[in-house]
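# Overview (structure and organization)
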Number of protein chains: 6
Amino acid sequence: MSKVHMVDVTHKPVVYREAIAEGAIRLRPETIRAIREGRIEKGDVLTTAAIAGILAAKKTWDLIPLCHPLPLTHVDVKCEVSGEDRVVCRAKVVTSAKTGVEMEALTAVSIALLTVWDMTKKLEKDEEGQYPYTRIEYIRVVSKKKGGEA
Amino acid sequence: MSKVHMVDVTHKPVVYREAIAEGAIRLRPETIRAIREGRIEKGDVLTTAAIAGILAAKKTWDLIPLCHPLPLTHVDVKCEVSGEDRVVCRAKVVTSAKTGVEMEALTAVSIALLTVWDMTKKLEKDEEGQYPYTRIEYIRVVSKKKGGEA
Amino acid sequence: MSKVHMVDVTHKPVVYREAIAEGAIRLRPETIRAIREGRIEKGDVLTTAAIAGILAAKKTWDLIPLCHPLPLTHVDVKCEVSGEDRVVCRAKVVTSAKTGVEMEALTAVSIALLTVWDMTKKLEKDEEGQYPYTRIEYIRVVSKKKGGEA
Amino acid sequence: MSKVHMVDVTHKPVVYREAIAEGAIRLRPETIRAIREGRIEKGDVLTTAAIAGILAAKKTWDLIPLCHPLPLTHVDVKCEVSGEDRVVCRAKVVTSAKTGVEMEALTAVSIALLTVWDMTKKLEKDEEGQYPYTRIEYIRVVSKKKGGEA
Amino acid sequence: MSKVHMVDVTHKPVVYREAIAEGAIRLRPETIRAIREGRIEKGDVLTTAAIAGILAAKKTWDLIPLCHPLPLTHVDVKCEVSGEDRVVCRAKVVTSAKTGVEMEALTAVSIALLTVWDMTKKLEKDEEGQYPYTRIEYIRVVSKKKGGEA
Amino acid sequence: MSKVHMVDVTHKPVVYREAIAEGAIRLRPETIRAIREGRIEKGDVLTTAAIAGILAAKKTWDLIPLCHPLPLTHVDVKCEVSGEDRVVCRAKVVTSAKTGVEMEALTAVSIALLTVWDMTKKLEKDEEGQYPYTRIEYIRVVSKKKGGEA
């Protein structure tokens, strides 16, 4: 017998749902300087990452097998340089629905961070093509809200 | 003028490409015990996560704006419990192509870890619906290989 | 003039909708024994098939041209061995929406059965690479329900 | 800091929304005659274009980064020959939602017109493989409606 | 430990691959007459089904978790009425690749048959909204070929 | 019988393929000034449009029913203000494949232009929510190349 069960949310109420997630990627200080100074060859790293994150939030139901499709009413992804060797991405996702949106916010952050990695690959690789420094450091849910008018 | 540039790989040779990426999610010890004992309500966490990771690797070009579509010839995702409060996911991606597959391996790991989170949400949330403990701890490239017969 | 018309459901009421569909695939008795004993090389056939079915239900609107996108609130797919040469997959799909979900249940069953085929290909092929025995035997709607609270 | 912002529609009312868009592609008169007489090798141009347009309307949220996913309740795409060297496609999209559907109607028209181009490529290309004549001439919103029962 | 393994085809040769699959759906004789006479409200059933089948073949890697993405070079789907109560769909898929395309042909047939069902739903349902007659009867691989120039 | 036929490119040679397409959208002069001065609320219009165009090029096979999936090796989309009331988008797509990429370039341009429309909607609508001025003016293939080393 197969062993996988999607939660049945049919009889849960439609209420306001909000989730904020955050994550960070550690990059070389030289890469961070290149981002700050707009010198990354592939282009505007932070805006591209934010767009990728927004699009990914809308695809969460297709990426995480047991997630429900939800009518997201707002997705905000902000990416910015933090200190001398980090980019932090933060996503806020809102909906009026029968279940929460933390997976959507986490997916947005994850894909935004991966996009930062992809845009800066050339500067991060060492002479053997390895990534001794680059690392997504953490991804977490900052807060969830539920209920109230929507 | 728009500011984004995809690398042109047209004239690069088709060679063997391999990348291994890895990441970890920290969960409550009770959740880890429930995984070990097959007591997670939503089902087989580790197999579901691995499947989600494999499917995600194949969608990398659709998630990361400047990635090229590549004819992946192998994707292996392994998820397992590590110690008393962690699940580690490791992805190996292989292709014969004009550019590398580290973004594919990183995407597989990221989505596998998010799937672990989604499958164990119920046990991870506190009484206010927050996640004080859960955290994706790191995601990194373990190794890349290039060249050789394929 | 083009000849294709999507039904307009704008003015239909949002009510409880449920559909159950079922299908079977005939496999060699040796393959069935291998599934029962967990000896299929590609892994856990029935769980992988169920996950593929759940994901497919959520993509029905993208696969069947005139289907409406619906906010599915529950998808349950069960796959199990039946007798000595069959796997049966059954899908239940639920929503609160303006139109029914039988196509979603049928799509889940179809893709689950195809996944069983894919996972067992190696054992089903004869020495010339043909499939003299394998066959999806039937796919049908078991029941539909409509109305009531949701 | 990233520079992209999705509008927050969470607190807008769910009302009836309708949009009609239209566009035209100019083709060689010989191609138009071939369409009229059912002599296009790739098959029924106008029906294929309409189907592609309907499917595309449902994917708008995945194509236009800041569009919201909406539960479309009706998509109607009509493609027809107009005069001696044009095909006109018109799309009507309807929903009950918190924001309008003009992008969905425009996307349906755009992809329907591109499908007409793809189906007639062979007749449109000159001996050097160029398209001196073919051109999507315009795409516009014919009308939008909002409010009223739904 | 997760239990799922994609086959590694990296070192297999790129050769000509072809697969033909076929399936049938049983419909009410009245429905079949309506198809023959072009009286189905939703439009051209057989062409819509064929288009859905072609598009689905190209998405097989996204539907069947362990399938490889393949550069399909030809997909042909034919749907036709057979006798007084059946529609038969047949798909031929061709590629030059490292692994076979039977799953692509089977997926094309499955989605084409489901599209026939969707287009004829209104005539197939009884007064209680059930489908006592409709049934996908079988889906099978007719033949596979491998090798030779490509 | 269904009436749709994908071209069989199996036996065509893999050669260098390039296509350049271009299109324009007419906007109000006030909107153009707002773009030039970075005052569009939704953010960086031209970069967002270029990213949407690049992503769309990679999805052409999923949008245009009879297009083949192709391993694109380069996609370049440039969007810029032209004169006092236009934005022009130009896409170059390159691959080594068995068939051409003009549909990919045209799709990239079309979705980039639609994204410009979506980003500037608020300034383009009149007080009744209509678009009396906005219009995608033309989309055409600038040039195609074929052959040569790749």
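Residues numbered from 1 in each chain as written. Chains lettered and ligands numbered in written order. Predicted model: local features only at pLDDT ≥ 70, side-chain atom pairs only at ≥ 80, totals over all residues. Heavy atoms only, no water.

## Structural notes on the interface of chain E and chain D
Inclusion rule: Note on definitions: a residue-residue contact is assigned when non-hydrogen atoms from the two residues lie within 4.5 Å. One speaks of a salt bridge when a side-chain nitrogen belonging to Lys or Arg is within 4 Å of a carboxyl oxygen belonging to Asp or Glu.
Taken residue by residue, the interface counts 6 residues in chain E and 6 residues in chain D. In this structure, the connection of chain E to chain D is made through 0 salt bridges.

## Focus on the relation of the copies chain B and chain A
For clarity, the threshold we go by: In this comparison the copies share one frame, found by least squares on the C-alpha atoms of residues holding pLDDT of at least 70 in both.
When chain B is fitted to chain A, the best match, at an RMSD of 0.0 Å, comes from turning it 180° and sliding it 0.0 Å along the axis. The relationship between the two copies is best expressed as a two-fold rotation axis. Most of the interface of chain B is mirrored in chain A, where 100% of its interface residues again form contacts.

## Thoughts on the packing of helix 2 (residues 45-58) of chain D against helix 2 (residues 45-58) of chain E
Selection criterion: Convention adopted: a line fitted to C-alpha atoms gives each axis, helices being fitted over their contacting stretch, and angles between N-to-C directions are expressed from 0 to 180 degrees. The numbering of helices and of strands both runs from the N terminus, where a helix is a DSSP run of H or I of at least 4 residues and a strand a run of E of at least 2. For this classification, under 35 degrees means roughly parallel, over 145 means roughly antiparallel, 65 to 115 means roughly perpendicular, and everything else is oblique. Crossings are assigned a handedness: left-handed for a near helix turned anticlockwise from the far helix by less than a right angle, right-handed for a clockwise turn.
Two elements in contact, helix 2 of chain D and helix 2 of chain E, have axes whose closest approach is 10 Å; the angle formed by their N-to-C orientations is 55°. By the angle between their directions, the pair helix 2 of chain D and helix 2 of chain E is classed as oblique. For the element pair helix 2 of chain D and helix 2 of chain E, the recorded crossing hand is right-handed. Contacts from D:T47, D:T48, D:I51 and D:L55 in helix 2 of chain D reach E:T47, E:T48, E:I51 and E:L55 in helix 2 of chain E.

## Re the UniProt feature "binding site: substrate" (unreviewed entry) in chain A
We apply this condition: UniProt positions are given in the numbering used here, feature names are shortened, and annotations may be inferred rather than shown by experiment. The buried label goes to any residue with under 20% of its type's maximum accessible area, the exposed label to any with over 50%, and the partly exposed label to all in between, with areas taken from a 1.4 Å probe on protein chains only.
Under the local residue numbering, the UniProt record ascribes the feature "binding site: substrate" (unreviewed entry) to A:L66, A:C67, A:H68, A:M103 and A:E104. Taken together, the annotated residues stretch across 39 residues yet fold into one region, lying no more than 12.4 Å apart by C-alpha. Tracing the backbone shows A:M103 in helix 4 (residues 102-124). The contact partners of A:M103, leaving out residues within four places of it in the chain, are A:T60, A:C67, B:L114, B:W117, B:D118 and B:K121. With relative accessibility at 4%, the residue A:E104 sits in the buried group.

## A look at the pairing of strand 4 (residues 135-146) of chain A
Spelled out, the test is: Any two strands are treated as partners once DSSP identifies two or more bridges connecting them.
As paired elements, strand 1 (residues 15-26) of chain A and strand 4 of chain A share 10 bridges and run antiparallel to each other. Paired with A:A19 across the bridge in strand 4 of chain A is A:K144. Strand direction decides the pairing type here: strand 4 of chain A and strand 4 (residues 135-146) of chain B, joined by 2 bridges, are antiparallel. Each residue of the ladder has a partner; that of A:I139, found in strand 4 of chain B, is B:I136.

## Comments concerning the relation of the copies chain E and chain D
The two copies are related by a screw motion: chain E maps onto chain D through a turn of 180° and a shift of 0.0 Å along the axis, at an RMSD of 0.0 Å. In this assembly, 100% of the residues forming the interface of chain E have copies in chain D that are likewise at the interface, indicating an isologous arrangement.

## Digging into empty space enclosed by the protein
Our working rule: Grid points spaced at 1 Å and placed over the protein atoms alone form the basis of the search, with a cavity being a set where a 1.4 Å probe fits but cannot get out and a pocket an open set showing protein on both sides within 12 Å along at least five of seven lines. Lining residues have an atom within 4 Å of a point. Grid points are joined across faces, edges and corners, and a volume is the space filled by probe spheres set on the points.
Here the structure, examined in full by the defined rule, presents 3 cavities of 30 Å³ or more. When its volume is computed, the largest cavity comes out at roughly 320 Å³. Around the largest cavity, the lining comprises 20 residues; the ones closest to its centre are B:D62, C:D62, D:D62, E:D62 and F:D62. Among the elements of the structure, helix 3 (60-63) of chain A, helix 3 (60-63) of chain B, helix 3 (60-63) of chain C, helix 3 (60-63) of chain D, helix 3 (60-63) of chain E together with helix 3 (60-63) of chain F are those that each provide at least two residues to the lining of the largest cavity. Taken as a whole, the second largest cavity encloses approximately 40 Å³ of empty space. Taken together, D:A52, D:L55, D:A56, D:K59, D:I111, E:L55, F:D62, F:L63 and F:P65 make up the full set of residues lining the second largest cavity. Where the lining of the second largest cavity is concerned, the elements lending two or more residues are helix 2 of chain D together with helix 3 of chain F.

## Here's the deal with the interface of chain B and chain A
Condition: Two parts lose some accessible area (1.4 Å probe) when they are put together, and adding that loss for both gives the buried area. Any residue outside Ala, Val, Leu, Ile, Met, Phe, Trp, Tyr, Cys, Pro, Asp, Glu, Lys and Arg is labelled polar, Gly included; the first ten of those are nonpolar and the last four are charged.
Contact with chain B, which involves 44 residues of that partner, is made by 44 residues of chain A. The largest per-residue losses of area from chain B upon contact with chain A belong to B:K42, B:L63 and B:L114, which jointly make up 14% of the total buried on that side. Our enumeration of links across chain B and chain A arrives at 2 salt bridges. In this structure, B:D62 engages A:K59 in a salt bridge whose closest nitrogen and oxygen atoms are separated by 3.0 Å. Looking at the side of chain B that touches chain A, the elements with two or more residues in it are helix 2 (45-58), helix 3, helix 4 (102-124) and strand 4 of chain B. Here the side of chain B that touches chain A takes 12 residues from helix 4 of chain B, the largest share from any one element. Here the side of chain B that touches chain A is composed, by residue class, of 20 nonpolar, 10 polar and 14 charged.

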